[in-house]
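The lines below spell out each chain.
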Amino acid sequence: MSIKEEKLIIIDGACGTTIQQMGLPKEVWGDRYAGCNEYLNLSAGQAIVEMHSAFLNVGATVVETNTFGATRVVLAEYGLEDQVDTLNRRAVEHAKQAVDGKPGRYVAGSIGPTTKLPSLGQIDVSELRQAYLEQIRPLVDSGVDLLCIETCQDLLQAKTAAVAAFDILEQTGKEIPVIVSVTIEP
């Protein structure tokens with residue numbers, strides 16, 4: 001069965017909050033990467049697999065990759081902008097390891113809003129688009145079951161991410177669902 005045939009999916013939640021509460025040792029963050037959850041895909045992969053497994057054990061049917069901030073835009077803040085491909089691929093590996101052999105369980109490629117919003121002039125749409133293309137390609141190539149563009153605060157950012165996702169899907173000939181969540185603040 002594919003995710004498209006499921007009548008109901010339950011997506012895990014609060015990966016970032018969960019990681020913060022895991023009490024991971026200081027060493028897994030290295031000297032420069034405190035707060036960069038995506039770095040854990042390199043330094044603490046087993047902890048990420050265990051997080052995904054815990055979500056599945058309480059009823060989630062979809063786990064999101066640990067890639068919320070795995071674009072060049074965000075990773076540049078930690079000097080990791082050249083690790084976009086590796087971090088995204090590793091994150092998919094960890095999520096797949098957690099769902100392996102469990103029928104009706106799936107992996108969503110998490111795509112966050114970045115730390116710069118085009119509607120506020122913090123980033124050019126073409127630069128944002130390129131960053132999304134760089135992130136989405138390894139997620140799709142690594143075999144995610146759907147793409148989750150999440151926690152969008154800017155509709156232009158959401159549109160840019162969605163168009164990039166559909167462009168990658170067209171280029172690769174893959175047909176997987178794309179979902180978008182938006183958060184609005186006063």
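Scroll up for the structure.
Residues numbered from 1 in each chain as written. Predicted model: local features only at pLDDT ≥ 70, side-chain atom pairs only at ≥ 80, totals over all residues. Heavy atoms only, no water.

Participant: I tried to follow the packing of helix α5 (residues 84-99) against helix α6 (residues 125-141) on my own but got confused; where do I start?
Facilitator: Any two packed helices are characterised by the angle at which their axes cross and by the distance between the axes. Viewed as axis vectors pointing N to C, α5 and α6 meet at an angle of 35°, and their least axial separation amounts to 8 Å. In terms of crossing hand, the pair formed by α5 and α6 is right-handed. Residue-level contacts link Val84, Asp85, Asn88, Arg89 and Val92 of α5 to Glu134, Gln135, Pro138, Leu139 and Asp141 of α6. Tallied by class, residues from the contact of α5 with α6 come to four nonpolar, two polar and four charged. (Axes fitted to C-alpha atoms, helices over the stretch in contact; angles between N-to-C directions. Helix = DSSP H or I, 4+ residues; strand = E, 2+ residues; numbered from the N terminus. Left-handed = near helix turned anticlockwise from the far one by under 90°. Contact = heavy atoms within 4.5 Å. Nonpolar A, V, L, I, M, F, W, Y, C, P; charged D, E, K, R; others polar.)

Participant: How do you make sense of helix α3 (residues 45-57) when you look at a structure like this?
Facilitator: It helps to recall that an α-helix has 3.6 residues per turn; residues three or four apart then point in one direction. Taking 1.5 Å of rise per residue, the 13 residues of α3 would be expected to cover 18 Å, and the 18 Å separating its terminal C-alpha atoms lies within 8% of that figure. The secondary structure elements touched by the buried residues of α3 are α1 (15-21), α2 (40-43), β1 (62-64) and α5. Looking at the residues trailing α3, positive phi occurs at Gly59, about 115°. (Expected span 1.5 Å × (residues − 1).)

Participant: How should I be thinking about the pairing of strand β2 (residues 106-111) in this particular structure?
Facilitator: For β2, the tally of buried residues reaches six of six residues, placing the bulk of the element in the interior. Burial of β2 is two-sided: the residues Tyr106, Ala108 and Ser110 facing one way and the residues Val107, Gly109 and Ile111 facing the other way are all buried. Sheet analysis places β1 next to β2, joined by three bridges and oriented parallel. The residue bridging Val63 from the neighbouring strand is Val107, located in β2. Inspection of the sheet shows β2 paired to strand β3 (residues 146-152) by four bridges, in the parallel sense. Residue pairing across strands places Ile111 opposite Ile149, the latter belonging to β3. Once the chain exits β2 it traverses α6 before rejoining the sheet at β3, and the crossover so formed is right-handed. (Buried < 20%, exposed > 50% of the residue type's maximum accessible area, 1.4 Å probe, protein only. Pairing = 2+ DSSP bridges. Right-handed = clockwise from strand over helix to strand, strands pointing away.)

Shape is all these values report; function is a separate question.
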